[in-house]
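Here is what each chain is made of, one letter per residue.
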Amino acid sequence: MRVSELRLARLRDFNPDQGCITLQGAKNHKDRIVPLHPLLTARCIELKKKIHSSSPEDEYFFMIRPGQPMPLVNVYRNFRRYLENAGIPHTGRGPRVHDFRHTYCVNLLRKWTDEGKDLMAYLPYMKTMLGHEGFEGTAYYLKLTAERFPYIKECLKSSFPDLIKEVSVNEQEFY
C-alpha cells in the first residue's frame, strides 16, 4: 500500500474476517482490495479494540484525533524515530517508508521464482495489488529485483526477453 492510502483508510475498510483492507478511491480513483498477513490482521484487530472501541465505522483507522487522519509528516517523523530506536541510520537516500513497498515486491517476486511460478500468470496479481494501471509501474520492480538477484534475471528473460536490456556503462558518465 502507498502511505497515503494507508493513512486515509477508515475502519469500515478493514475486514478482519477476510484479512484485507479495501482501498476506496485510491490512486487513479480506483478501489482495490489489499490482502494482509495473518499477523498483521491480528495487530489491526488489537489496535481497533484499543483505540476505536466506540468509534464510528467512517473514522480513520490511523488518526491524529477523531475525524482527522494522521498527517504524512507524522508518519515520516514516527518512521525516523523507529529507525533511530532500532539503531538504523537514516540518510538522505533512505531508508524510506515507501521502501517497504519495494521490499515486499522484490521478496514476492523472489518467492515466486524460487517456487517455479509462471511469472506471466502471477505478475498481473502484483500489478493489481500495487494499484498500477499498466504494467510499466510493475516492471520497475522486475528490474530492481533482477539487479539484486541475478538468478531471477534468467527466469525473467524467458518470460520477458526485452524487459531487462544490457547497457554498456561509460564510467565517466554520472547518473
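Owing to the predicted nature of the structure, the values given are computational and were not obtained by experimental measurement.

1. Concerning the confidence of the model for the chain
- The predicted model of the chain averages 82 in pLDDT, with 80% of residues at 70 or higher.
- The low-confidence segment residues 169-175, where pLDDT is below 50, has zero contacts with residues more than four positions distant or belonging to other chains.

2. Quick look at the environment of Ile-45
- Within the fold, Ile-45 resides in helix α2 (residues 38-51).
- The class of Ile-45 is partly exposed, set by a relative accessible area of 30%.
- Note: C-alpha distance between Ile-45 and Phe-14 (31 residues apart in sequence) is 9.1 Å.
- Other than its neighbours up to four places away in sequence, Ile-45 contacts Phe-14 and Pro-16.

3. A closer look at the side chain of Glu-5
- Locating Glu-5 in the fold gives a position in helix α1 (residues 3-7).
- Residue classification places Glu-5 among the buried residues on the basis of a relative accessible area of 7%.
- A distance of 2.9 Å separates polar atoms of two side chains, one belonging to Glu-5 and the other to Arg-32.
- The residues touching Glu-5, leaving out its near neighbours within four places in the chain, are Leu-23, Ala-26, Lys-27 and Arg-32.

4. Considerations on the sheet that holds strand β1 (residues 14-15)
- The strand order β1-β2-β3 describes an open sheet built from three strands, whose pairing is antiparallel. Two strands bound the open sheet, and with one partner strand each, they are β1 and β3 (32-35).
- The sheet contact formed by strand β2 (residues 20-23) and β3 spans four bridges and is antiparallel. Bridge pairing in β3 places Leu-23 opposite Arg-32.

5. Quick word on helix α4 (residues 99-114)
- Helix length check: α4, at 16 residues, gives a terminal C-alpha distance of 22 Å against a target of 22 Å (1.5 Å per residue), a fit within 8%.
- All of the buried residues along α4 are Asp-99, Arg-101, His-102, Cys-105, Val-106, Leu-108, Leu-109, Trp-112 and Thr-113.

6. Structural notes on the pattern of salt bridges
- A full pass over the atoms with the stated rule returns eight salt bridges.
- Across the salt bridge formed by Glu-133 and Lys-30, the nearest N and O atoms sit 3.5 Å from each other. Residue Glu-133 is found in the loop between α5 (119-130) and α6 (135-148), and its partner Lys-30 is found in the loop between β2 and β3; the two are separated by 103 residues along the sequence.
- The residue Glu-115 makes a salt bridge to Lys-117 at a minimum N-O spacing of 3.7 Å.

7. Quick word on the nonpolar core
- Formed by Ala-9, Leu-11, Phe-14, Ile-21, Leu-23, Ala-26, Val-34, Leu-36, Cys-44 and Phe-61, the largest nonpolar core amounts to ten residues.
- Here Ala-26 is in contact with Glu-5 and Arg-32, once residues within four sequence places are set aside.

Reading guide: rules and limits
- Residues numbered from 1 in each chain as written.
- Predicted model: local features only at pLDDT ≥ 70, side-chain atom pairs only at ≥ 80, totals over all residues.
- Heavy atoms only, no water.
- pLDDT = per-residue confidence, 0-100.
- Contact = heavy atoms within 4.5 Å.
- Helix = DSSP H or I, 4+ residues; strand = E, 2+ residues; numbered from the N terminus.
- Buried < 20%, exposed > 50% of the residue type's maximum accessible area, 1.4 Å probe, protein only.
- Polar contact = N/O pair within 3.5 Å; in protein donor to acceptor, adjacent residues only side chain to side chain.
- Pairing = 2+ DSSP bridges.
- Expected span 1.5 Å × (residues − 1).
- Salt bridge = Lys/Arg side-chain N within 4 Å of Asp/Glu carboxyl O.
- Core = buried A, V, L, I, M, F, W, Y, C linked by side-chain atoms within 4.5 Å.

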